Amino acid sequence: MKKWKWIVLTVIGIGLLVLFGSGGYVYHQASQTLEDVQLPVEASVEAIEAVEQERTISFLLLGVDQHGDEAGRSDTIIVATIDPASGESKMLSIPRDLKTEIIGNGSRDKINHAYAFGGPEMAIDTVENLLDIRIDYFAEINLEGFTDLVDAVDGVRVTNDIDFSYYEMQFPVGQLDLNGKEALAYARMRYDDPRGDFGRQIRQRQVVQAVADKLTADFSLSRFNDVLSVLGENVKTNVPFPVVRKIALDYRDALKNVETLSLEGSGGIESDQIYYWHPTAESLKEVQTSLQQSLR
């Protein structure tokens, strides 16, 4: 059986932020879990001030396909901005094959290699350079964590727009209720989609949003414990607990109103016999401008 090559990153803040407010046990468990998953990637002064002043904040969300002690690659890369003033968020999926300058490595390569070369710090620097924006916080989750997280919320519901099968699983057109394994397969398929990787990005965002909706709509102590267990074992982030609580109170509504951004471009095999994808200059500029306007 092929190794899984895809992982969707779930906005860990969405999973935790709305769960506070009922008792010291919940507070303690959430606080301890966030301590356990912290990575020493220091947030900028701008990031800290943005949260304190309730201005727009940005996240880099990485889905990492990792085995054993290997570095892994970020096969899913999502940038999200959350603006409490306008009550809106923006989400951009970056194609993993996009060729760009890898900041700190002195090379031009696929953007998903930045994480393999230098971990989340290099991934952040590379995305900031590509989009000409600041990244305030990051979170990463591995494959096992994604399937377990979907199961922890008792599955997700999505609306499928093409009929396909994947690893002997059938996905007809229409509304589908998926468990963790099915959700991973649903979001991973791309070769039978005429839209290619962009079709896959659409399904990735559907699943991320569906998980978020489940977490914000239905809270129980049992579900809370299940979600925290999954996050504690499979997530790494630099979002501290006070920021999580602040977002829960002041940014929650904006998480329900998400504008999807996208890059347009084309790809092909280049002189090194490797496939790369390039965004058009116009499309890249439009996305940069939209995100920059959010972060003012």
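Fair warning: this is a prediction, and the values are worked out from it, not measured in the lab.

### Considering the side chain of Ser 58
Move 1: Summarising the element assignment, Ser 58 is placed in strand β1 (residues 57–65).
Move 2: The class of Ser 58 is buried, set by a relative accessible area of 0%.
Move 3: For Ser 58, the residues in contact, after removing those within four places along its chain, are Ala 80, Thr 81, Arg 134, Ile 135, Asp 136, Tyr 137 and Leu 295.

### Concerning the pattern of salt bridges
Any two side chains of opposite charge can pair, given that their charged atoms come close.
Move 1: This model, assessed by the stated rule, comprises 7 salt bridges.
Move 2: Across the salt bridge formed by Asp 193 and Arg 195, the nearest N and O atoms sit 3.0 Å from each other.
Move 3: Among the charged side chains, a network of salt bridges with common partners joins Asp 161, Asp 193, Arg 195 and Arg 203.

### Details of the sheet that holds strand β6 (residues 137–142)
Move 1: Within the open sheet, the 6 strands sit side by side as β11-β6-β1-β2-β3-β12. Their pairing is mixed. At either end of the open sheet lies a strand with only one pairing partner, and these are β11 (235–237) and β12 (258–261). Recorded for the sheet is a direction-independent mean angle of 20° between the axes of neighbouring strands.
Move 2: The sheet contact formed by strand β2 (residues 73–83) and strand β3 (residues 88–93) spans 6 bridges and is antiparallel. Of the residues in β3, the one forming a bridge with Ile 82 is Ser 89.
Move 3: Strands in contact with helix α10 (residues 281–294) are β2, β3 and β12; relative to β3, the strand with the most contacts, it is inclined by about 145°.

### A word on helix α6 (residues 180–188)
Move 1: For α6, the tally of buried residues reaches 7 of 9 residues, placing the bulk of the element in the interior.
Move 2: Residues of α6 that are buried: Gly 180, Ala 183, Leu 184, Ala 185, Tyr 186, Ala 187 and Arg 188.
Move 3: Where α6 begins, the side chain of Asn 179 points an oxygen toward the backbone nitrogen of Lys 181, at a separation of 3.2 Å.

Rules behind the numbers
Residues numbered from 1 in each chain as written. Predicted model: local features only at pLDDT ≥ 70, side-chain atom pairs only at ≥ 80, totals over all residues. Heavy atoms only, no water. Helix = DSSP H or I, 4+ residues; strand = E, 2+ residues; numbered from the N terminus. Buried < 20%, exposed > 50% of the residue type's maximum accessible area, 1.4 Å probe, protein only. Contact = heavy atoms within 4.5 Å. Salt bridge = Lys/Arg side-chain N within 4 Å of Asp/Glu carboxyl O. Pairing = 2+ DSSP bridges. Axes fitted to C-alpha atoms, helices over the stretch in contact; angles between N-to-C directions. Polar contact = N/O pair within 3.5 Å; in protein donor to acceptor, adjacent residues only side chain to side chain.

Remember that the coordinates give geometry; whether it matters functionally is a separate question.
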